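Chain by chain, the residues:
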Amino acid sequence: MNTLEVNIKSRAKQYPIYIDNADFSVLRRKIIQECGDKNYIVVFNQKVYKLYSKEFDFPKDRIFILKDGEKEKNYKNYLKILDFALSKKLKREDYIIAIGGGVVGDIAGFAASTYMRGINFIQVPTTLLAMTDSSVGGKVAINTNYGKNLVGAFYQPKVVFINTNFLKTLDVNQYKSGLGEVIKYGFIEKSCDEDSEFDLLNFLNENCEKILNKDSYTMERLISACVQLKIKVVENDEKESGLRKILNYGHTYAHAVEKLTNYRKYTHGECVIEGIKFALNLAVKKNLIDKEYQFLCSDIIQKYEYKPLKAFVSSKYIPIMTTDKKATGDCINFILPVQYAQVGEYKFTVPELFELVSDNK
Ligand code: NAD
Ligand code: GLY
């Protein structure tokens, strides 16, 4: 078992992240132990509940089941979770436990952050994306008609339990969606932690088959490496005023593609991989990296067998990029590669970007 510690010094906030592949009965016991004699509710993703209700046989009257899908991360369900907690007379020292992917973690976490101004919150991520990204770092949110994740908070959990056995039932699309974010960490490793000696890109390169086959030991090491990088970033910049922006590597283009395809055609991770390819091209054109590094990165991506997505013309995606949450003034912000496993932030005006990508059409 790996035990990692998140330590947000500015708020004297500390919490552990446990990563293992123990039997689910052990995990259930640990969750109950964590709550001690306190009251709790469990917010479950519906599919996960169907798959694992035997292993996690919490009292039925404490279970809130959230239907499957991104659209369930909405105001209505957020209020329903709060009402459910109120009906169970939860107090601030009690617990909300989220068991599911990023959707459940985000909405239950946001409910926890506002319930009596903040109740204890436990994350039990069940997708690769949630294990390596959304359960770590305290971003919690719901979607609105105006856009995704527009209402939310920074609210750190009390503890995160990552159990790689959940990955066994994850379908290949969702698994590869999570892998998209994992591969992203490889390209930003040195910017997250300049002292990191893991060499995630090399690990991704050498262990492709084991990773695609969800080899348990390899996945534990991989998830652990990604979580350590995310911890470094969040400890430095909890509220995304600087360093945390590097986690958006590949995301400016990815978000545009997701919007253009109504969040239906492709998974988030697939779009991030496409966004990384876009960023690599842009970086070559700006002379930030040479073609050799671009080939090395493209080679690693290719090993993971991502299909190329539909290509959009710049007149379609650039206007969407200007509405990105991370756009500032007249500029579109990109995180771009600068050298091996390192990235930096670059701003482009709209005409400048049209000019640079013109031959991509
Ligand atoms: P998700 O929660 O919708 O889960 C994806 C699918 O996997 C669902 O159909 C779910 O039923 C299924 N699933 C979950 N666990 C399973 C398991 N063990 N076996 C079989 N099926 C399983 O999506 P996600 O990709 O986990 O998360 C995406 C969400 O996370 C988005 O809402 C995104 O905005 C959010 N997010 C948040 C952060 C953050 O920092 N808070 C970071 C990244 C993404
Ligand atoms: N997933 C991006 C972040 O946590 O900041």
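For the structure, see preceding data.
Residues numbered from 1 in each chain as written. Chains lettered and ligands numbered in written order. Predicted model: local features only at pLDDT ≥ 70, side-chain atom pairs only at ≥ 80, totals over all residues. Heavy atoms only, no water.

Draft legend 1. The arrangement of the overall build of the protein chain in detail. Looking only at helices and strands, one finds 14 helices and 11 strands in the protein chain. By the compact-globule yardstick of 21 Å for 361 residues, the protein chain fits well, its C-alpha radius of gyration being 20 Å. The buried share of the protein chain, taken over its 361 residues, is 55%. Considering only intrachain contacts with a sequence separation of at least 6, the fraction spanning at least 24 residues in the protein chain is 71%. When the 52 basic and 45 acidic side-chain charges of the protein chain are each reduced to a single mean position, those positions are 7 Å apart. (Helix = DSSP H or I, 4+ residues; strand = E, 2+ residues; numbered from the N terminus. Rg over C-alpha atoms; globule rule 2.2 N^0.38 Å. Buried < 20%, exposed > 50% of the residue type's maximum accessible area, 1.4 Å probe, protein only. Contact = heavy atoms within 4.5 Å. Lys, Arg positive; Asp, Glu negative; His and termini not counted. Charge placed at Lys NZ, Arg CZ, Asp CG, Glu CD.)

Draft legend 2. A look at the site of ligand 2. Residues in close proximity to ligand 2 include Asp133, Lys139, Lys230, Glu240, Arg244 and Leu247, which together make up its full environment. Lys139 places a side-chain nitrogen or oxygen 2.9 Å from an oxygen atom of ligand 2. A total of 200 Å² of accessible area belongs to ligand 2 in isolation, and the protein chains cover 84% of it. Classifying every residue of the shell around ligand 2 gives 1 nonpolar, no polar and 5 charged. (Near = heavy atom within 4 Å. Polar contact = N/O pair within 3.5 Å; in protein donor to acceptor, adjacent residues only side chain to side chain. Areas by Shrake-Rupley, 256 points an atom, 1.4 Å probe, with all protein chains shown as cover. Nonpolar A, V, L, I, M, F, W, Y, C, P; charged D, E, K, R; others polar.)

Draft legend 3. Representation of the nonpolar core within the structure. Ranked by size, the top nonpolar core spans 98 residues in total, and within it Ile17, Phe56, Ile97, Ile99, Leu204 and Met321 carry the most contacts. In this structure, Phe64, Val103, Ala112 and Ile142 belong to the second largest nonpolar core, which totals 25 residues. (Core = buried A, V, L, I, M, F, W, Y, C linked by side-chain atoms within 4.5 Å.)

Draft legend 4. Structural context of unusual backbone geometry. Even without a glycine there, the phi angle at Lys89 is positive, about 60°. You can see Lys89 is positioned in the loop between α3 (75-87) and β5 (95-100). For Lys89, a relative accessible area of 63% puts it in the exposed group. The backbone of Lys214 shows a phi angle near 55°, a positive value even though the residue is not glycine. Tracing the backbone shows Lys214 in the loop between α8 (208-212) and α9 (216-236).

Draft legend 5. Layout of the side chain of Glu220. Structurally, Glu220 can be placed in helix α9. No salt bridge is formed by the buried Glu220; its nearest oppositely charged neighbour, Arg221, is found at 9.2 Å. If sequence neighbours within four positions are ignored, Glu220 has contacts with Met1, Asn2, Ile19, Asp20, Asn21 and Thr164. (Salt bridge = Lys/Arg side-chain N within 4 Å of Asp/Glu carboxyl O.)

Draft legend 6. Summary view of the site of ligand 1. If you check the shell around ligand 1, you find 23 residues, and the closest are Asp68, Thr126, Thr127, Lys139 and Thr169. At 3.1 Å, a backbone N or O of Val103 approaches an oxygen atom of ligand 1. Between ligand 1 and Thr169 there is a distance of 2.7 Å, counted from a nitrogen atom to a side-chain nitrogen or oxygen. Counting residues per element, the ones that place at least two in the shell around ligand 1 are α2 (46-52), α4 (102-114) and α5 (128-134).

Draft legend 7. Expanded view of helix α12 (residues 291-303). Between the first and last C-alpha of α12 there are 18 Å, a value that for 13 residues agrees with the 18 Å anticipated at 1.5 Å per step. Inspection of α12 places Tyr293, Gln294, Cys297, Ile300 and Ile301 among the buried residues, and these make up the whole buried set. Projection of α12 onto a plane perpendicular to its axis shows the buried side chains occupying an angular sector of 130°, all on one side. α12 presents Glu292, Phe295 and Gln302 as exposed residues on the side facing more than 90 degrees away from its buried surface. In this fold, the buried residues of α12 make contact with α6 (172-192), α7 (200-206), α11 (268-285) and β10 (331-339). In the segment just after α12, Glu305 is the residue with positive phi, at about 55°. (Expected span 1.5 Å × (residues − 1). Arc of directions from axis to C-beta.)

Draft legend 8. Geometry of the pattern of salt bridges. For the coordinates displayed, the defined rule picks out 15 salt bridges. Between Asp133 and Lys230 there is a salt bridge, with its nearest N and O atoms 2.6 Å apart. One end of the pair, Asp133, is in helix α5; the other, Lys230, is in helix α9, with 97 residues separating them in the sequence. Here Asp133 matches Lys230 in class, with each residue buried. By sharing partners, the salt bridges in this structure join Glu70, Lys73, Asp106 and Lys148 into a single network.

Shape descriptors only; they carry no functional weight alone.
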